[in-house]
Amino acid sequence: MNKGMLFFIPALILGLLMTLSSCDDPYPLEATPYGEPDRRGSWSQIDQQIDRPYDWRQIVQDSEFQLGESVPDSSLGEMGSSGYDPYREMFGTYPRIDGSTVALPMALEFARQHLELSDVKSESFVRFQTTHNAYAELITGNPIEGSLYSSYPWRIKGDNKEFFLDPDHPVDIILATEPSDEELALARENNVALLKEPVCWDAFVFITHKDNPVKSLTVEQIRKIYTGEITNWKSSGGQDKEITAYQREKNSGSQTAMENLVMQGEQMAEPPMVIPVLEMSKMVEAIAEEYQNDSASIGYTYKYYIDELYKNENIKILQINGIEPSNENIRGKAYPFTVNYYGVIRDTDRDKTGGKFLDWILSQEGQRCVAQVGYIPLKD
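In this report, we go over the structure that sits alongside the text. (Residues numbered from 1 in each chain as written. Predicted model: local features only at pLDDT ≥ 70, side-chain atom pairs only at ≥ 80, totals over all residues. Heavy atoms only, no water.)

1. Some thoughts on the overall build of the protein
- Secondary structure assignment for the protein yields 12 helices and 15 strands.
- Counting over 380 residues, the protein shows a buried share of 52%.
- The long-range fraction of contacts in the protein, counting pairs at least 24 apart against all pairs at least 6 apart in sequence, stands at 77%.
- Approximately 17800 Å² of the protein is accessible, and the part contributed by carbon and sulfur atoms is 49%. (Helix = DSSP H or I, 4+ residues; strand = E, 2+ residues; numbered from the N terminus. Buried < 20%, exposed > 50% of the residue type's maximum accessible area, 1.4 Å probe, protein only. Contact = heavy atoms within 4.5 Å. Areas by Shrake-Rupley, 256 points an atom, 1.4 Å probe, with all protein chains shown as cover.)

Have a look at this one:
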């Protein structure tokens, strides 16, 4: 084979790959921040495909919540060179929704139901920033620095058009865990009263490695582990192993629940007694692997998160006071750490888009949509 042919073959392969790439995505991620996939924010904390249930049904009929007019926008024209015309999708009566990672599938379902978006389009449309950023943007009414919306519009992948939504449109409603003291203080500083209504049930759970022989802890034992009074599993019926107690960073949804629901004013120990982790997924991974390194760890999260969004076969959920977090025990509040997820709006928006959409979530139709994606609804 001559030298010309040796050069030609790899050049041909490279050309074909570039052609296929450009056909697949007119705005490739390598060339521009507008490309897909965008797996930042809450999406970075999920390792499962969030598909529709096998028995998924269209529940919402003739929705009053719709996106506004789609108009060509020449300011977006330089994003791609594929010949696709970029369009600006205006917000109409459909709210801009943000929230906690654990509530992201709920927003996906709402987009499917009201906007009749495909799963692919729903995933490009729904972008959650995790709990603290969501609260901050709801309270201030503006994208905060470094957030997903502070620098560029987000994109809905269409069949023949690319739609972009304005990043400056304020958050109308968030689906989130309860606010922290600092988030409530931020609301006071901005003279914003928050209106929050529970939209579903869940359980705040404690997890350990599956090989840890301990099956149940009491509420008091949990508190003593996290104050540093209990440091060895032997005192709780386990092996003679030092406890590695993980906790989340301040203002994360699970850390707020830990402080308010579990500790109830008792001071949590400082490192190295506990090891803070910045992402919920990292806590799950640490606990799944830690036991093999001759230590036994414990951490906390939400049941829906590890059941549906980030699964790991090497962890197990501990019973609390001998009670497992079954749906029945959660709804009946027999499980000690039963929680809600909330729809949260600015109080002044009761009669605006956010308030109207919150009313819909709490309606019978809205609760059926909540239940369809695996959450425990407030109402049957």
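Read on for the rest.
2. Description of the nonpolar core
- Ranked by size, the top nonpolar core spans 88 residues in total, and within it F206, Y226 and I298 carry the most contacts.
- Looking at which element gives the most residues to this core, the answer is strand β7 (residues 194-209), with nine residues.
- Grouped together as the second largest cluster of nonpolar side chains are eight residues, A134, L138, V171 and Y342 included. (Core = buried A, V, L, I, M, F, W, Y, C linked by side-chain atoms within 4.5 Å.)

3. Looking at the pattern of salt bridges
- Under the defined criterion, the tally for this structure stands at nine salt bridges.
- Linking R112 and E109 is a salt bridge whose minimum nitrogen-to-oxygen distance equals 3.3 Å. Of this pair, R112 and E109 both sit in helix α2 (residues 104-115), three residues apart, roughly one helical turn. Residue R112 shares its accessibility class with E109, and that shared class is buried.
- Between E229 and K224 there is a salt bridge; the shortest N-O distance is 3.7 Å.
- Judged by relative accessible area, which is 56%, E229 ranks as exposed.
- If you follow the salt bridges from partner to partner, you end up with R52, E109, R112 and D119 in one network. (Salt bridge = Lys/Arg side-chain N within 4 Å of Asp/Glu carboxyl O.)

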